[in-house]
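Residue-level structural notes
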Amino acid sequence: MAPRKIKIAMLSAHSCPVGDLGAKDTGGMSVFIRELAGELGKQGNSVDIYTRIHDPKDPLLEELGEQTRLIHLRAGQEARIDKMDVYRSLPEFIFNLERYWKDYKLRYDIVFCHYWLSGLVGEHLQQEWRIPFVMMYHTLGAVKNAAAIGEAEPEQRITSEGESIRKCRRILVPTEREKQNIIRYYKALPHKIGITPCGVNLEQFRPVDRASARGKLGITSEKILLFVGRIDPLKGIDQLLRTMTYLQSFKGLRLIIIGGDENSRREVEKLKKLSWELKIEDSIIFQGMVMHDQLTDYYNAADVCVVPSYYESFGLVALEALACGTPVVATDVGDLRNIIHQEKTGYVAADNTPQALAAGIERFLRPNLDARSIQANRASVSRFSWAHVSESVSQELHKALDG
Ligand code: UDP
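Now for a quick tour of the structure. Note that the structure is predicted; figures quoted are calculated from it, not measured.

G28, R230, K235, V290 and E320 are the nearest of the 20 residues found near the ligand. R230 places a polar side-chain atom, nitrogen or oxygen, 2.7 Å from an oxygen atom of the ligand. With respect to the ligand, the backbone of V290 contributes an N or O atom lying 2.7 Å from a nitrogen atom. About the coverage of the ligand: the protein hides 93% of its 540 Å² of free accessible area. Those elements giving two or more residues to the shell around the ligand turn out to be α1 (28–42), α10 (295–301) and α11 (316–323). Here the shell around the ligand gets three residues from one element, more than from any other, and that element is α11.

Written out as structure tokens, the structure reads:
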């Protein structure tokens, strides 16, 4: 029997899912929320996504697709603000959300919270409105702190995560590894945790002719490595720059780094300085942020996409690259050891030393990709369609409702 259709209030308090991807605080989570909500709506559920106004031009209500709406609520300054300022604005967010529900006589079956900040809202709604809430953290503060790269996450985050883990009805994680992390660092009850993978838009990310992709982008270099993501120390771009020093025998090799907005300027400057120190500045192109729907050409233009992160909860970029047929060389983070077929569709380095990454990259830089390998790379991720992800999320939401 098909599961009954449900009314879902999705919360993404701190970050707007239609915001610019690759900015300091928006990346995989926004893609996940947008694509998943759209699919859940297509399957006949109704989904309202609530986020805070981060720009005075934000419309109060936006139809995103079939039975899928985005609602902006006032909470703090109508601008991009620091996460701890979002934390301090949550009482206003809750106040405006409850007022909206009352004004429009809205009622939901379940609240689905993304990131720890939304969890605090979920706790309140469960208590006051008797609606169960489900958590998806996307990244975990304690795991980030254990990686000890970049700024430490505030104690408030770790405490709040612990509380929502205890109080929520169910926790969704994208990998078995993240399930073990949440048990290890937060003593979560294993039976409360469900694993639902991330997905990739297989219509959008598809192979196109490499020469024409390069032509469109004005790329004339012989060999291209690609990095796509937020410019954050955890992404390991520093190690990728060091890796470039081991690849100097490849004439005309360029590394294109995609991502970063004005808030990432300090981090970009640090990386530029490092590339000068390593004397590889001529081989590095800092492209800045690229719109998600324009990335297909970049993935297709690249010989190898590299994911050198110190921590990923999943690693969406690897799926996008493979869906375009481009091999991926990565560190052993997120779900990459399951996504990448070792030495076939890419390479998972044993550690994130530049030498290990360079060894993997070399294997895939040498031959030119033939049509068969491109198709095999794409086929290896065909199971990650959003329709499939949304079915598995929907099952988990029903488990939460029945529990
Ligand atoms: N992204 C983008 N434009 C950019 C940089 C990143 O659209 O300039 C997208 C990228 O395609 C991917 C997401 O942001 O879909 C990053 O997701 P991932 O899971 O790799 O990293 P996260 O941001 O969640 O740490």
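It is worth spelling out the side chain of S221 at this point. Tracing the backbone through its elements, the reader meets S221 in the loop between α7 (210–217) and β9 (223–228). For S221, the contacting residues outside a window of four places in its chain are R214, G252 and R254.

Our focus in this paragraph is the sheet that holds strand β13 (residues 328–330). Reading across from one edge, β11-β10-β9-β12-β13-β14 is the order of the six strands in this open sheet, with parallel pairing throughout. Bordering the open sheet on either side are β11 (284–288) and β14 (346–348), each of which pairs with just one other strand. Direction aside, neighbouring strands of the sheet carry axes that sit 20 degrees apart on average. For β9 and strand β12 (residues 304–307), the ladder comprises two bridges, and the chain directions are parallel. Bridging from a neighbouring strand, L225 pairs with V304 of β12.

A cluster of nonpolar side chains, contributed by L60, L61 and Y104, occupies part of the molecular surface with about 290 Å² of accessible area. With respect to the helices and strands, the residue Y104 is situated in the loop between α2 (83–103) and β5 (110–114).

Turning to the pairing of strand β4 (residues 68–73), a few remarks are in order. Regular strands place side chains that alternate from one sheet face to the opposite one. In terms of burial, β4 is a largely internal element, five of the six residues being buried. Two strands pair when backbone bridges link them, and strand β2 (residues 46–52) and β4 are joined in this way by six bridges, in the parallel orientation. Its bridge partner lying in β4, D48 is registered against R69. Looking at chain direction, strand β3 (residues 61–65) and β4 are connected through four bridges and run antiparallel. Counterpart to G65 in the pairing with β4 is T68.

In this section: the sheet that holds β3. In sheet architecture, strand pairing relies on hydrogen bonds along the backbone and comes in two forms, parallel and antiparallel. On the basis of which strands lie adjacent, the open sheet formed by eight strands has the order β3-β4-β2-β1-β5-β6-β7-β8 and mixed pairing. A strand with exactly one partner marks an edge of an open sheet, and here the two such strands are β3 and β8 (193–195). Within this sheet the neighbouring strands show an average axis-to-axis angle of 25 degrees, counted without direction. Pairing of β5 with strand β6 (residues 133–136), which is carried by four bridges, proceeds in the parallel orientation.

All right, on to the packing of aromatic side chains then. Using the criterion set out here, one finds 11 aromatic pairs in the structure. Aromatic pair W101 and Y108: ring centres 5.0 Å apart, planes at 50 degrees, arrangement tilted. On the accessibility criterion, W101 (1% relative accessible area) is buried. The class of Y108 is buried, set by a relative accessible area of 6%. Three or more aromatic residues joined by ring pairs form one cluster here, namely Y50, Y100, W101, Y104, Y108 and W129.

How each quantity is defined
Residues numbered from 1 in each chain as written. Predicted model: local features only at pLDDT ≥ 70, side-chain atom pairs only at ≥ 80, totals over all residues. Heavy atoms only, no water. Near = heavy atom within 4 Å. Polar contact = N/O pair within 3.5 Å; in protein donor to acceptor, adjacent residues only side chain to side chain. Areas by Shrake-Rupley, 256 points an atom, 1.4 Å probe, with all protein chains shown as cover. Helix = DSSP H or I, 4+ residues; strand = E, 2+ residues; numbered from the N terminus. Contact = heavy atoms within 4.5 Å. Pairing = 2+ DSSP bridges. Axes fitted to C-alpha atoms, helices over the stretch in contact; angles between N-to-C directions. Patch = residues over 30% accessible without salt bridge, like charges linked within 9 Å, V, L, I, M, F, W, Y side chains within 5 Å. Salt bridge = Lys/Arg side-chain N within 4 Å of Asp/Glu carboxyl O. Buried < 20%, exposed > 50% of the residue type's maximum accessible area, 1.4 Å probe, protein only. Phe/Tyr/Trp six-rings, centres within 6.5 Å; stacked < 30°, edge-to-face > 60°.

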